[in-house]
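# Structural characterization, general
Next come the chains, spelled out residue by residue.
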Amino acid sequence: MKHRNITTLKYISLFGGLIFYAPVALLVRTRMGMTYSQFFVLQAVLSISIFVFEIPCGYITDKIGYQKTLMLNSLFTFLARICMVFAGNFPLFFIEAVLEGISIAFYSGTMSGYLYQLSEEHFAFSLSVVDNYSNLGFILSTLTFPYIYSAWRIDGLLVLTALCSFIGFLLAFRLPNEKRHPVKKKISFSFHLTDIPISLFIGIINISFLIINFFYVGILTQFHMDERYMSILILLYTTMQLSVPKLTQKFGENNLFKKIYICSGMCIFCIFSISLCRSRAIFFLMLILPTLLSLLNVYFEKYQNNYIDYQGYGQHRATILSCYNMSANIVEVFFLFGSAKLKNIYVFDIFSVLGCIFSIILIFILIFQARKK
């Protein structure tokens, strides 16, 4: 039964990753007369929606169960895609951003909690496999994008993406309800000092992915390469991320914190190397960094779930994971606003700053782990 559940989750993740309009996401908005400023406002609306609904959605998950929440996640994703199909003005795009934010908030912590319940011993491997199907969907949609765009233009891309979201929603019905146990321990919504290192670490992992998404293209321009090569770079490092399940199998999931320490050290080494390298060898570092971060992420998600069990709050798992993610969002906001204050910052300097912050947070969580023992 557990194997069937994980198989269903893989296909839900696959259809969720099939976003055929991703290469022209900006054009989808601007063709309707929207300005770049309005586009950034919509991204802010998305971030605020995730922040506002994060904890309420986690609380709802613990009340109704993971399966029903994954259905709600798929439903809101489908509704957001439908809005995208019919959006012709700013208010509809605004609604789409809010629906997308609610969908992400429902997903946050839920997939992690559900997989932890299904496969606690091999959680990191199971999570990496499910994530891989999302990456595979992204690769497939990117590769087929030119052909679909040539045949049906943007409207065809939007309709096909909505259809895949609807299939994901239907697949969620195949997930049986998990066993529910009476809640014996009430949860305190106060945020303790012991939770800060976890939130900081989630935040720096998320920020690292953000930096990759936004600033890799800046490195290409520093080497006088066409920005269009970015799509090839994305496909290459996304394909490399498909190796994460094999890596978790090879290295195992025992001595979890040691693996987190080693993965973090390798990530920090790559980040500083990118900031210092001025030769074409930098592209090898750029390719392996996302895979190292993905491996670190699945190990740290298992650590979070283990820590929740250590606290005795397993029945409030989704709520606590949502609290961690919401706090991590705050870390991201401070980092982004702080970066925005820096004038004339060089693209390689951004990676230097990221490496320094990553190192400080790693030391912080090492001290936290030592004190916990």
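See the structure above.
Below is a short write-up of the structure. (Residues numbered from 1 in each chain as written. Predicted model: local features only at pLDDT ≥ 70, side-chain atom pairs only at ≥ 80, totals over all residues. Heavy atoms only, no water.)

What follows concerns the overall build of the chain. Looking only at helices and strands, one finds 14 helices and zero strands in the chain. Its helices and strands taken in sequence order, the chain reads α-α-α-α-α-α-α-α-α-α-α-α-α-α from the N to the C terminus. Put simply, the chain has 373 residues, and 52% of those count as buried. Of the contacts made within the chain by residues no fewer than 6 positions apart, 86% connect residues no fewer than 24 positions apart. (Helix = DSSP H or I, 4+ residues; strand = E, 2+ residues; numbered from the N terminus. Buried < 20%, exposed > 50% of the residue type's maximum accessible area, 1.4 Å probe, protein only. Contact = heavy atoms within 4.5 Å.)

Further remarks concern the nonpolar core. Soluble globular proteins: nonpolar side chains tend toward being buried together. Phe201, Tyr216 and Ile219 are the most contacted members of the largest nonpolar core, which totals 80 residues. For this core, the element with the highest residue contribution is helix 12 (residues 282–311), accounting for 17 residues. The residues contacting Tyr216, other than those within four sequence positions of it, are Ile211, Met230, Leu233, Tyr237, Ile274, Leu285, Met286, Leu289, Pro290 and Phe351. (Core = buried A, V, L, I, M, F, W, Y, C linked by side-chain atoms within 4.5 Å.)

Tracing the backbone through its elements, the reader meets Ile64 in helix 3 (residues 36–64). On a C-alpha basis, the gap between Ile64 and Asn177 in space is 9.4 Å, while along the polypeptide they are 113 residues apart.

Throughout the structure, instances matching the rule amount to three salt bridges. For the salt bridge of Glu100 with Arg81, the shortest nitrogen-to-oxygen distance reads 2.7 Å. Of this pair, Glu100 sits in helix 5 (residues 90–107) while Arg81 is found in helix 4 (residues 66–86), placing the two residues 19 residues apart along the sequence. The buried category is assigned to Glu100, whose relative accessible area is 15%. (Salt bridge = Lys/Arg side-chain N within 4 Å of Asp/Glu carboxyl O.)

Nonpolar side chains collect at one region of the surface, where Ile48, Phe51, Val52, Ile330 and Phe334 lie side by side and expose about 490 Å² of accessible area between them. For the nonpolar patch, the secondary-structure elements that each account for two or more residues are helix 3 and helix 13 (317–341). The leading source of residues in the nonpolar patch is helix 3, at three residues. (Patch = residues over 30% accessible without salt bridge, like charges linked within 9 Å, V, L, I, M, F, W, Y side chains within 5 Å. Areas by Shrake-Rupley, 256 points an atom, 1.4 Å probe, with all protein chains shown as cover.)

The periodicity of an α-helix, 3.6 residues per turn, causes residues three or four positions apart to be oriented the same way. Compared with an ideal rise of 1.5 Å per residue, which puts 13 residues at 18 Å, helix 9 (residues 229–241) spans 19 Å between its outermost C-alpha atoms and is within 8% of the ideal. For helix 9, the complete set of buried residues consists of Met230, Leu233, Leu235, Tyr237, Thr238 and Gln241. The inward-facing, buried residues of helix 9 contact helix 7 (123–172), helix 8 (196–222), helix 10 (244–251) and helix 12. (Expected span 1.5 Å × (residues − 1).)

Turning our eyes to something else, we now look at the packing of helix 7 against helix 10. In contact at an axis separation of 8 Å, helix 7 and helix 10 are set at 170° when each is read in the N-to-C sense. With respect to helix 10, the element helix 7 is oriented roughly antiparallel. Contacts between helix 7 and helix 10 pair Ala124, Phe125, Ser128, Val129 and Asn132 from the former with Val244, Pro245, Thr248 and Gln249 from the latter. Grouping the amino acids of the contact of helix 7 with helix 10 by side-chain chemistry returns five nonpolar, four polar and no charged. (Axes fitted to C-alpha atoms, helices over the stretch in contact; angles between N-to-C directions. Parallel < 35°, antiparallel > 145°, perpendicular 65-115°, else oblique. Nonpolar A, V, L, I, M, F, W, Y, C, P; charged D, E, K, R; others polar.)

Moving on, we come to unusual backbone geometry. Positive phi, close to 60°, is recorded for His224, a residue that is not glycine. Along the chain, the position of His224 falls in the loop between helix 8 and helix 9. Positive phi is not limited to glycine here, since Asn255 has a value of about 50°. Residue placement: Asn255 occurs in the loop between helix 10 and helix 11 (256–276).

Under the criterion given, the structure shown has 17 aromatic pairs. Look at Phe78 and Phe166: their rings are 5.1 Å apart centre to centre, the planes differ by 45°, and that puts the pair in the tilted class. Residue Phe78 is found in helix 4, and its partner Phe166 is found in helix 7; the two are separated by 88 residues along the sequence. Classification of Phe78 by relative accessible area gives buried; the value is 17%. (Phe/Tyr/Trp six-rings, centres within 6.5 Å; stacked < 30°, edge-to-face > 60°.)

Turning our eyes to something else, we now look at the side chain of Gln67. Here Gln67 lies in helix 4. Looking at Gln67, its side chain comes within polar contact range of the main-chain oxygen of Ala172, at 3.4 Å. (Polar contact = N/O pair within 3.5 Å; in protein donor to acceptor, adjacent residues only side chain to side chain.)

Okay, the packing of helix 8 against helix 11 next. Axis separation between helix 8 and helix 11 bottoms out at 13 Å; the angle between their running directions is 30°. Here helix 8 is positioned roughly parallel relative to helix 11, judged by the angle of their axes. In terms of crossing hand, the pair formed by helix 8 and helix 11 is left-handed. Two secondary-structure elements touch here, helix 8 through Phe201, Ser208, Tyr216 and Ile219 and helix 11 through Ile260, Ser264, Ile271 and Ile274. Taken together, the residues that form the contact of helix 8 with helix 11 break down as six nonpolar, two polar and no charged. (Left-handed = near helix turned anticlockwise from the far one by under 90°.)

In short, the description is geometric, and any link to function would need to be established separately.
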